[in-house]
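Breakdown of the fold
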Amino acid sequence: MESCFHCGDICSTTTISHQDKSFCCNGCKTVFDILNDNDLSYYYDLERTPGTSPLAQEVKFDFLENSEIIKKLVEFDEDAIQVVSFLIPSIHCSSCIWVLENLNKLDPAIRNAQINFPKKTLRVSYKSTEISLKQLVLLLSRIGYEPYISLEDATKKGTIIDRGLIYKIGVAGFAFGNIMFLSFPEYFEVDEFWLNQYKHVFRWLMFALSLPVITYAARDYFISAFKGLRSKILNIDVPIALGIIVLFLRSSVDITMNWGSGYFDSMSGLVFFLLLGKFFQQKTYAFLSFERDYKSYFPIAVTRLQKKNSSSEEIEEQAQVYELKKGDRILIRNSELLPVDGILIKGTALIDYSFVTGEAAPLHKSSGDMLYAGGRQQAGSIEVEVLKSIEQSYLTQLWSNEVFDKNKESTFQSLTDKISKSFTISLLSIAIFGFVGWMFIDSSKALNVFTAVLIVACPCAIALAAPFTLGNLLRIFGSNKLYIKDSSVIEQMANVDTVVFDKTGTLTTTSNNIITYEGISLTTEEESLLTSTLRASNHSLSRQLYELLNKNEIQTLDDFEENVGQGITGVINKHHIKVGSISYVGLSSESLKSDQRTAVHISTDNQYKGCYVFYNDYRQGIKPIFDSLTPDREIIILSGDNDGEKDNLLKLLPANSKLLFNQKPEDKLSYIHSLQEKGKKVMMIGDGLNDAGALAQSDVGISISENVNIFSPACDGILDASRFQDLTTYLEISKKGVKTIKNAFRFSLFYNVIGLGFALSGNLAPVVAAILMPLSSISIVIFTTLVTYRLGNNLNKFSTSSYPEDLQ
């Protein structure tokens, strides 16, 4: 029989001949025509039969016939027009963009399609009366762009864009500029007839311009100060709010009593610069998800088995995962993820729990065995009886732990908040001291001195130091592939004294696995037979080994058989090969009982040849990382794997490092908590879903990821795996950033001393306040920007084994 030129399936029922090529269906022929007519025929040069059979996808997307699921997925549904967005992981080049944005040539019911290339998303508008959502997804899958649809898509909420801060900056900036302009004549005491005639008008115009500043732009500072006082906390917003109120009231009294133009310019300038700092601080990496949980990884629906009426006949229906309840029977196909805990009823189960535990080896399960959510079935289809709903399953209980509801910032007092208490008390003390002193010297000036102290000593520079320093570091870290959740994380990174690492996927990498062969050399024919046999298997070890050997000649197998969980057999020209476990290839395993290595054994024509051994490949520069972290920080390894790699790790780790193996997710979380109870400041570096509890419990949780857009469990930051060797550098720069903030506080103190000199002497003129307050704010911004810019430039030069003296 002939094979389809597009998908490679056997043309069993019908064969469509077109341009000297054979196709199994009109769908494959149509896709070929579209690609060929638009000069994209090289699509088939990249790999033989790269397409996907329409039949292979039919069952997979049956859940898209469920109207409730469709309602949750579509963004717009009106007048037979629906709009939906998909994540398409396989988008990688301009050709992908062209094909997807011309979907209307494949089906006229598709009105338009738009690609967001950086986010790899496709937004499609289509006529729902002519093409269904399932048909649209199948169409995408047939041309090699299968959408990624998860439970998170069905429960997602629309992103609300808050532009309030932008509007407040605009209001404060507009008022600041115009009030400064109206104040210039009085600053320099310009003696001009028309200016003197209308100076009262100018003053009331300044008053009018300041009203939206104090009632709208500065509102958040008043609210924060009120909440702080109500909670008996003197946060940084208390002296800020006090200073703003005093500036406004003192200025209003001045223009009402005709004593002067007041300090409206200083007040609006203060609010403007404070809001700029807040805006800069809030510029985090919104395209990353830092609170992803199990919903992002579970299927949106599952096949539920129901009895048809009163008969014993069972029917298959697509049900939302959230609808599953105890006693339901579900069908789990090959490579599907178990969304709930259950009991295996029928079929052979080979469950891969690496998603949950970190263990790489799949587990055999028999009828009656317990299966846990998060495992992936690796061998055909199985029937499972649900024991717990999705919210109660073993895996999702991890997210019920109170650690995920805990706000780390509520237990962490920032450097600014620590200083603000002392600053507020000192400020009020100096103001009262000045008031009492002037009551004995000249009581008419006492109130002016009191308000002048509160005006000039407003902690605007202190409030700006942290946002601009940490905001710059957020940007610098991000450009160097460490994506931090918010600025408070950097302050906590500076205090870390214990670093805890997961092993699998964190210290090791899957991109460059080390595979070695031990045994009798294979002949060229045997190598070809081995490679051809591996090509037909979908087992993870088979795929890894095939990628290593795929340069060998590929032949068509005469026969192929896969024994689930044991191995595979291939036959060419009456020569057969067995690949798999040592017992499968016909050799006793007694001699290798103590060998904990992962290996694939081979025999040809009933003669044992040898085995391919899979070794963990540790990330580049891992020993220098460990060396640079000590002696200032303790290193601990927590792994869900067995201790087969213990000896190798001991060679890499400094003395006195701790290693704990066979750690379950709850064990990791508990261990982190025990360290914190001893006063340790803990950073956890992990990668898997099973690390999420420990990441959330730790003072700083960093997820290391090969692709930051695909995997990000609950954490404080995401580190691109390519920059893992710079981990110590990030910690050292965080310490340097906190030092920069402290130096900025010293500069602020210097300005305050000068201003207090004017205030306590009773000589604080509006022009002095107008110069000192903006000058202190601007100088702090310039200082912090220059220092952090230097740190950013140095980051590209640093290595884990060599740091500049000022960072050691």
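Cut-off values and rules
Residues numbered from 1 in each chain as written. Predicted model: local features only at pLDDT ≥ 70, side-chain atom pairs only at ≥ 80, totals over all residues. Heavy atoms only, no water. Salt bridge = Lys/Arg side-chain N within 4 Å of Asp/Glu carboxyl O. Helix = DSSP H or I, 4+ residues; strand = E, 2+ residues; numbered from the N terminus. Buried < 20%, exposed > 50% of the residue type's maximum accessible area, 1.4 Å probe, protein only. Polar contact = N/O pair within 3.5 Å; in protein donor to acceptor, adjacent residues only side chain to side chain. Pairing = 2+ DSSP bridges. Axes fitted to C-alpha atoms, helices over the stretch in contact; angles between N-to-C directions. Phe/Tyr/Trp six-rings, centres within 6.5 Å; stacked < 30°, edge-to-face > 60°. pLDDT = per-residue confidence, 0-100. Contact = heavy atoms within 4.5 Å. Core = buried A, V, L, I, M, F, W, Y, C linked by side-chain atoms within 4.5 Å. Patch = residues over 30% accessible without salt bridge, like charges linked within 9 Å, V, L, I, M, F, W, Y side chains within 5 Å. Areas by Shrake-Rupley, 256 points an atom, 1.4 Å probe, with all protein chains shown as cover. Parallel < 35°, antiparallel > 145°, perpendicular 65-115°, else oblique. Left-handed = near helix turned anticlockwise from the far one by under 90°.

**Re the pattern of salt bridges**
On inspection of all chains with the given rule, the structure shows 17 salt bridges. The salt bridge partner of R250 is D254, with a shortest N-O separation of 3.6 Å. One end of the pair is R250 and the other is D254, both in helix α11 (residues 237-256) and 4 residues apart, which spans about a single turn. The exposure class assigned to D254 is buried, which follows from its relative accessible area of 7%. R304 serves as the salt-bridge partner of D328, at 3.4 Å between the closest nitrogen and oxygen.

**Considering the side chain of R619**
Mapped onto the secondary structure, R619 falls in the loop between β23 (607-615) and α20 (622-629). For R619, a relative accessible area of 8% puts it in the buried group. Here T506 takes part through its backbone oxygen, which lies 2.7 Å from a polar atom of the side chain of R619.

**Some thoughts on the sheet that holds strand β24 (residues 634-638)**
Reading across the sheet, the 7 strands line up as β16-β28-β27-β26-β17-β24-β25 and stay open at both edges, with mixed pairing between neighbours. Lying at the two open borders of the sheet, with one neighbouring strand each, are β16 (482-484) and β25 (658-660). Adjacent strand axes in the sheet meet at a mean angle of 20° when their direction is disregarded. Where strand β26 (residues 682-686) lies against strand β27 (residues 700-705), 4 bridges are found, and the strand directions are parallel.

**Quick look at the packing of aromatic side chains**
Under the criterion given, the structure shown has 14 aromatic pairs. A centroid spacing of 5.5 Å and a plane angle of 75° characterise the contact between F501 and F626, whose relative ring orientation is edge-to-face. In this pair, F501 is assigned in strand β17 (residues 498-502) and F626 in helix α20, connecting sequence segments 125 residues apart. Ring centres of F501 and F724 lie 6.2 Å apart, and the angle between their planes is 80°; this geometry places the pair in the edge-to-face category.

**Let's talk about the sheet that holds strand β14 (residues 376-377)**
Strand pairing within a sheet occurs via backbone hydrogen bonds; the two strands may be parallel or antiparallel. Ordered by their spatial adjacency, 3 strands build an open sheet running β12-β11-β14, and the pairing between neighbours is antiparallel. Edge strands, defined here as strands with exactly one partner in the open sheet, are β12 (363-365) and β14. Where strand β11 (residues 349-352) lies against β12, 3 bridges are found, and the strand directions are antiparallel. Opposite L350, over in β12, you have H364 as the bridge partner.

**Topic: the pairing of strand β20 (residues 567-572)**
The buried fraction of β20 is high, at 6 of 6 residues. As paired elements, strand β19 (residues 559-563) and β20 share 5 bridges and run antiparallel to each other. Among the inter-strand pairings, E562 is bridged to a residue of β20, identified as I568. In this structure, β20 lies alongside strand β21 (residues 575-580), joined through 6 bridges in antiparallel fashion. The residue bridging V571 from the neighbouring strand is H576, located in β21. Remark: 2 residues form the turn of the hairpin made by β20 and β21, two consecutive strands paired antiparallel; N573 in that turn has positive phi of roughly 50°.

**A closer look at the confidence of the model for the chain**
In the predicted model, the chain carries a mean pLDDT of 77, and 75% of its residues have values of at least 70. Here residues 46-56 scores under 50 on pLDDT; set against residues more than four positions off or in separate chains, the count is 22 contacts. Here residues 708-712 scores under 50 on pLDDT; set against residues more than four positions off or in separate chains, the count is 21 contacts.

**Some words on the nonpolar core**
If you look at the biggest cluster of nonpolar residues, it comprises 99 residues, and the most contacted ones within it are I484, M493, F501, L507, F626, M683 and F724. If one sorts the elements of this core by residue count, helix α16 (residues 460-479) sits on top with 11 residues. If we skip the residues at most four places from it in the chain, L507 touches F501, D502, D617, Y618, R619, I622, F626, I637, L649 and F724.

**Digging into a nonpolar patch on the surface**
On the surface, L428, I432, F435, V436, M439, F440, I441 and L447 cluster together into a nonpolar patch covering about 810 Å² of accessible area. Ranked by residues supplied to the nonpolar patch, first place goes to helix α14 (residues 415-441) with 7 residues. Mapped onto the fold, I432 is located in helix α14. Accessibility expressed as a relative area gives 48% for I432, which makes it partly exposed.

**A short note on the packing of α11 against helix α15 (residues 443-456)**
Interaxial distance between α11 and α15 falls to 8 Å at its minimum, and their mutual angle equals 135°. Between α11 and α15, the angle falls in the class oblique. The handedness of the crossing between α11 and α15 comes out as left-handed. Of the residues in α15, those in contact with L242, G243, V246, L247 and R250 of α11 are N448, T451, A452, L454 and I455.

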